[in-house]
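Descriptive structure summary
Residue-level listing of the chains:
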Amino acid sequence: MRVMILGSGYVGLVSGICFAEFGSKVISVDQDVEKIARLQKGILPIYEPGLPELLIKNLEEKSISFTTDVVSSIDSTDIIFLAVGTPSLADGSVDLSYILKAVQDLAPNLQKYTPIVVKSTVPPGTCRMLKDAILSINSAAKFDIISNPEFLREGVAVRDFMQPDRIVIGIDNQENRDIMSKIYKPFHIQGTPIVYTSLESSELIKYASNAFLATKITFINEIADICEKIGADVQIVAQAMGLDKRIGSQFLQAGPGFGGSCFPKDTLAVQSFANRVQAPSQIVNAVISANDNRKQACVARIIAACNGNVLNKEIAILGVAFKANTDDIRESPALEIINGLLAAGARIRLFDPAAVANAQAYFGDNNTIRYPKNINECVCNAHVVAILTEWQEFKTLNLNEIASQMSAYDQYSPKIFIDLRNLYDVEDFIDLNIKYVSIGRTTLQPSVAKICVPVNE
Ligand code: UGA
């Protein structure tokens with residue numbers, strides 16, 4: 001099939017390149033002239049493992065092309081996917097202006113029948129609103145609107161696209177089902193469940209899924225807090241909970257709170273549209289505020305681990321991306337944590353395998369943050385090392401070496417290792433003469449090595 005993808009951001013690029021890989025002929029469109037010029041040369045604007053190779057391959061095979069010109073590509077397109085951004089407005093509701101503008105641009109040019117598929121995350125009711133918007137410009141336009149939310153995770157997006165748990169399609173007539181089953185035929189063959197439903201249900205499935213996953217994370221974070229008070233271990237608690245098939249083991253990793261471009265935005269959107277339809281979600285409201293509070297609680301935890309004072313302490317931060325395998329720092333808990341530590345007078349060195357450039361742009365000129373080139377330089381003579389992102393290379397640190405490279409702040413202070421992603425076992429630090437603080441587990445005090453003392457900081 002000949003596919004047009006409108007919007008060459010994260011979702012648009014992953015979907016477009018993967019559709020091309022699955023045999024469609026794809027035209028990817030964006031208004032950003034510079035971005036399109038770079039994509040034509042095979043240069044991606046996003047960091048996503050596996051995607052650069054697929055882009056080059058499909059460019060060479062001429063199964064994907066990039067353009068800024070929507071109008072002249074419409075005639076040679078069988079189906080249009082909308083993958084433009086739907087950011088949050090200040091009140092938490094969704095800014096639909098980009099997607100509205102996209103359909104307004106298409107409207108006068110819909111002379112031959114072309115289905116328009118909404119991949120962008122949009123609140124229930126938006127597909128019907130977009131339909132009306134097109135008809136109000138061109139009452140003779142030949143099109144249908146279909147909802148097809150995406151469930152890609154940054155960092156593993158290619159795999160998520162190629163082997164999805166399910167594909168969700170919202171339609172309001174049978175012909176649309178035939179069109180969509182044609183484009184998703186390779187997935188049908190590989191046995192991927194495809195759920196056909198109404199436009200509204202499809203739109204809501206995306207938000208309900210993200211809000212539920214955000215709730216699961218927030219729940220285990222609260223259980224972690226309880227674990228610390230009673231001397232339990234959240235890793236074991238989560239593992240045993242997850243063995244119950246009704247609960248499942250994924251998204252039960254306690255940490256500094258969820259971030260990224262999706263969960264924070266989408267939970268706010270649910271809050272907003274649930275209020276609008278007078279079905280407020282007390283659960284989602286609580287998730288938003290618990291997750292907001294968690295970042296400041298992490299700042300307080302680090303300061304407490306330093307006996308209440310981080311003034312002039314050298315803190316080596318490992319990881320600023322909101323999760324591993326991405327350079328994305330949007331809504332990353334690390335940003336608020338670093339800002340909190342800076343406000344308390346700490347000196348920060350920051351290392352991340354992919355996100356340093358974005359962090360430098362975010363923090364700007366700031367002589368209390370340095371950006372060492374590697375982990376060794378980052379931890380050398382640091383008083384505190386804090387892991388904020390679960391990058392693979394942070395999971396395999398030589399802890400003996402780190403311990404010898406770090407410095408104690410003074411003769412009364414221990415070296416302090418803070419692991420906000422629970423990448424290590426408490427036992428790994430026994431004999432290292434380091435204070436080890438993690439999430440939802442006992443804190444190891446260097447003076448009482450081999451004895452785990454419940455955290456009460
Ligand atoms: C999320 C969803 O997982 C995707 O299914 C969805 O398509 C995407 O949003 C979207 O709406 O576009 P993403 O934001 O890329 O994907 O990342 P996740 O892997 O879901 O992680 C989100 C946040 O939760 C991260 O900050 C991560 O560190 C945190 N998290 C995740 C935890 O703290 N604990 C966990 O167990 C899992």
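Structure's up top.
Since the structure is predicted, the reported quantities are computational estimates derived from the model, not experimental observations.

What follows is about the pairing of strand β2 (residues 25-29). Burial of β2 is extensive: four of the five residues sit out of reach of the surface. Two strands pair when backbone bridges link them, and strand β1 (residues 2-6) and β2 are joined in this way by five bridges, in the parallel orientation. By the bridge assignment, Arg2 is partnered in β2 with Lys25. For the segment spanning β1, helix α1 (residues 10-21) and β2, crossover handedness is right-handed. Pairing of β2 with strand β3 (residues 64-67), which is carried by four bridges, proceeds in the parallel orientation. In the sheet register, Ser28 faces β3, and the bridge partner there is Phe66.

Once that is clear, we can look at the site of the ligand. The full set close to the ligand counts 19 residues, and Leu152, Glu154, Lys206, Asn210 and Arg421 are the nearest of them. Interatomic distance of 2.7 Å between a backbone N/O atom of Leu152 and an oxygen atom of the ligand. A distance of 2.7 Å separates an oxygen atom of the ligand from a polar backbone atom of Glu154. In isolation the ligand exposes 720 Å². Once the protein is present, 92% of that is buried. Looking at the shell around the ligand, the elements that each hand over two or more residues are α10 (199-230) and α12 (263-276). Here the shell around the ligand gets three residues from one element, more than from any other, and that element is α10. Its residues placed into classes, the shell around the ligand shows nine nonpolar, three polar and seven charged.

Further remarks concern the pairing of strand β9 (residues 314-318). When you tally the buried positions in β9, you get five out of five residues, the bulk of the element. Burial along β9 is two-sided: Glu314, Ala316 and Leu318 facing one way and Ile315 and Ile317 facing the other are all buried. Strand direction decides the pairing type here: β9 and strand β10 (residues 347-351), joined by five bridges, are parallel. Along β10, the bridge assignment pairs Ile315 with Ile348. Between β9 and its parallel partner β10, the chain crosses via helix α14 (residues 333-343), and the hand of that crossover is right-handed. When β9 meets strand β12 (residues 384-387), the two strands line up parallel, connected through four bridges. Residue pairing across strands places Ile315 opposite Val384, the latter belonging to β12.

Inspection of the secondary structure puts Lys323 in the loop between β9 and α14. For Lys323, which is buried and forms no salt bridge, the nearest opposite charge comes from Glu390, at a distance of 6.5 Å. Among the polar contacts made by the side chain of Lys323, one reaches the main-chain carbonyl oxygen of Glu154 at a distance of 2.6 Å. Once residues within four sequence positions are removed from consideration, Lys323 is found in contact with Arg153, Glu154, Thr389 and Glu390.

Let us now look at the environment of Glu331. With respect to the helices and strands, Glu331 occurs in the loop between β9 and α14. When the C-alpha atoms of Glu331 and Gly260 are compared, they prove to be 5.1 Å apart, with 71 residues separating the residues in sequence.

Even without a glycine there, the phi angle at Asn325 is positive, about 65°. Its location among the elements puts Asn325 in the loop between β9 and α14. A residue is classified by how much of its surface remains accessible, and Asn325, at 32% relative accessible area, is partly exposed. In this structure, Asp431 takes a positive phi of about 80° despite not being glycine. Within the secondary structure, Asp431 sits in the loop between β13 (415-419) and β14 (434-437).

Reading the values: the criteria
Residues numbered from 1 in each chain as written. Predicted model: local features only at pLDDT ≥ 70, side-chain atom pairs only at ≥ 80, totals over all residues. Heavy atoms only, no water. Buried < 20%, exposed > 50% of the residue type's maximum accessible area, 1.4 Å probe, protein only. Helix = DSSP H or I, 4+ residues; strand = E, 2+ residues; numbered from the N terminus. Pairing = 2+ DSSP bridges. Right-handed = clockwise from strand over helix to strand, strands pointing away. Near = heavy atom within 4 Å. Polar contact = N/O pair within 3.5 Å; in protein donor to acceptor, adjacent residues only side chain to side chain. Areas by Shrake-Rupley, 256 points an atom, 1.4 Å probe, with all protein chains shown as cover. Nonpolar A, V, L, I, M, F, W, Y, C, P; charged D, E, K, R; others polar. Lys, Arg positive; Asp, Glu negative; His and termini not counted. Salt bridge = Lys/Arg side-chain N within 4 Å of Asp/Glu carboxyl O. Contact = heavy atoms within 4.5 Å.

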